[in-house]
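Listed here are the chains, written in short residue letters.
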Amino acid sequence: MRHLEFCERLSIEHSTLSMWMEQGWVVPAKNDGRGEFHDADVARGLLILDLSETMGVNHEGIDVIMALVDQVHGLRSKIQALTDAIRDQDEQVQRQILQSLERSS
């Protein structure tokens, strides 16, 4: 979706979206040289609105929270890749990994 539709879906002004983009809280994907937003961006926007309007979190707090959200998302992706790599191993290797994890817990 384009900028206007994104603003309409979240009921925000274009200036608000511009500020969010400057802060790096929402980054549209580039499609044919134009910014395009996806459902994940809408979810981020809703989170930002909830943080700022409902919870009263200031811009510095939103910076920290959005950075943490991005870190968690990145870690989840890495854990999924690691899980997939383990599943590709033979059963003996999988058992050894599980035993090693159990010992470290």
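Going by the structure above, here's the rest.
So, here is what we can say about the structure in this document. It should be emphasised that the depicted structure is a prediction, and the values quoted were computed from it without experimental measurement. (Residues numbered from 1 in each chain as written. Predicted model: local features only at pLDDT ≥ 70, side-chain atom pairs only at ≥ 80, totals over all residues. Heavy atoms only, no water.)

## Quick look at the environment of E102
Let me state the cut-off plainly: A run of DSSP states H or I qualifies as a helix once it reaches four residues; a run of E qualifies as a strand once it reaches two. Both are numbered from the N-terminal end. Classification of residues uses two cut-offs on accessible area relative to the type maximum, computed with a 1.4 Å probe and protein chains only: under 20% is buried, over 50% is exposed, and between them is partly exposed.
Looking at the secondary structure, you find E102 in helix 5 (residues 91-104). A residue is classified by how much of its surface remains accessible, and E102, at 59% relative accessible area, is exposed. Distance in space between the C-alpha atoms of E102 and D41 is 38 Å, their sequence separation being 61 residues.

## Topic: the nonpolar core
Convention followed: Definition used in this section: a nonpolar core is a set of buried Ala, Val, Leu, Ile, Met, Phe, Trp, Tyr and Cys residues joined via side-chain atoms within 4.5 Å. A contact between two residues is defined here by any heavy atoms of the two lying within 4.5 Å.
Core analysis: the biggest nonpolar cluster contains 16 residues, and F6, L10, I12, W20, W25, V26 and I48 have the highest contact counts within it. Those elements that place two or more of their residues in this core are helix 1 (3-10), helix 2 (14-23), helix 3 (39-54) and helix 4 (59-87). Ranked by residues supplied to this core, first place goes to helix 3 with four residues. In this structure I48 touches W20, W25, V26, I62 and M66, once residues within four positions along its chain are discounted.

## Focus: the pattern of salt bridges
Put simply, the rule reads: For this analysis, a salt bridge means a side-chain nitrogen from Lys or Arg found within 4 Å of a carboxyl oxygen belonging to Asp or Glu.
Per the stated rule, a full pass over the model turns up five salt bridges. Residues R9 and D39 are paired through a salt bridge, measuring 3.9 Å at the closest nitrogen-oxygen approach. On the criterion of sequence distance, the pair formed by R9 in helix 1 and D39 in helix 3 is long-range, its members being 30 residues apart. D39 gets classed as exposed once you look at its relative accessible area, which sits at 56%.

## Regarding the packing of helix 3 against helix 4
For any two helices packed against each other, one specifies the crossing angle of their axes together with the interaxial distance. The condition that has to hold: Axis definition: a line fitted to C-alpha atoms, limited for helices to the stretch in contact. Angles are taken between N-to-C directions and run from 0 to 180 degrees. A crossing counts as left-handed when the near helix is turned anticlockwise from the far one by less than a right angle, and as right-handed when that turn is clockwise. By the convention adopted, Pro, Cys, Tyr, Trp, Phe, Met, Ile, Leu, Val and Ala count as nonpolar, Lys, Arg, Asp and Glu as charged, and the other residues, Gly among them, as polar.
Axis separation between helix 3 and helix 4 bottoms out at 11 Å; the angle between their running directions is 145°. Crossing of helix 3 against helix 4: the hand is right-handed. Taking contact as the criterion, the partners of R44, L47, I48, L51 and S52 in helix 3 are, on helix 4, I62, I65, M66, V69 and D70. In terms of residue class, the contact of helix 3 with helix 4 is made up of seven nonpolar, one polar and two charged.

## Observations concerning helix 1
In plain terms, the rule: In this context, the arc is that of the directions from the helix axis out to the C-beta atoms.
Within the sequence span of helix 1, burial applies to F6, C7 and L10. For helix 1, the angular spread of the buried residues around the axis is 95°, confining them to a single face. Those residues of helix 1 that are exposed and angled more than 90 degrees off the buried face are L4 and E8. The elements touched by buried residues of helix 1 are helix 2 and helix 3. Among the residues trailing helix 1, S11 stands out with phi positive, at a value near 55°.

## Comments concerning the packing of helix 1 against helix 3
Here is the rule: Roughly parallel covers angles under 35 degrees, roughly antiparallel covers those over 145, roughly perpendicular covers 65 to 115, and oblique covers all other angles.
Interaxial distance between helix 1 and helix 3 falls to 10 Å at its minimum, and their mutual angle equals 45°. One finds that helix 1 runs oblique with respect to helix 3. The handedness of the crossing between helix 1 and helix 3 is right-handed. Note on element contacts: helix 3 touches helix 1 through D39, D41, V42, G45, L46 and L49, opposite F6, R9 and L10. In terms of residue class, the contact of helix 1 with helix 3 is built from five nonpolar, one polar and three charged.

So yeah, pure geometry; function would need other evidence.
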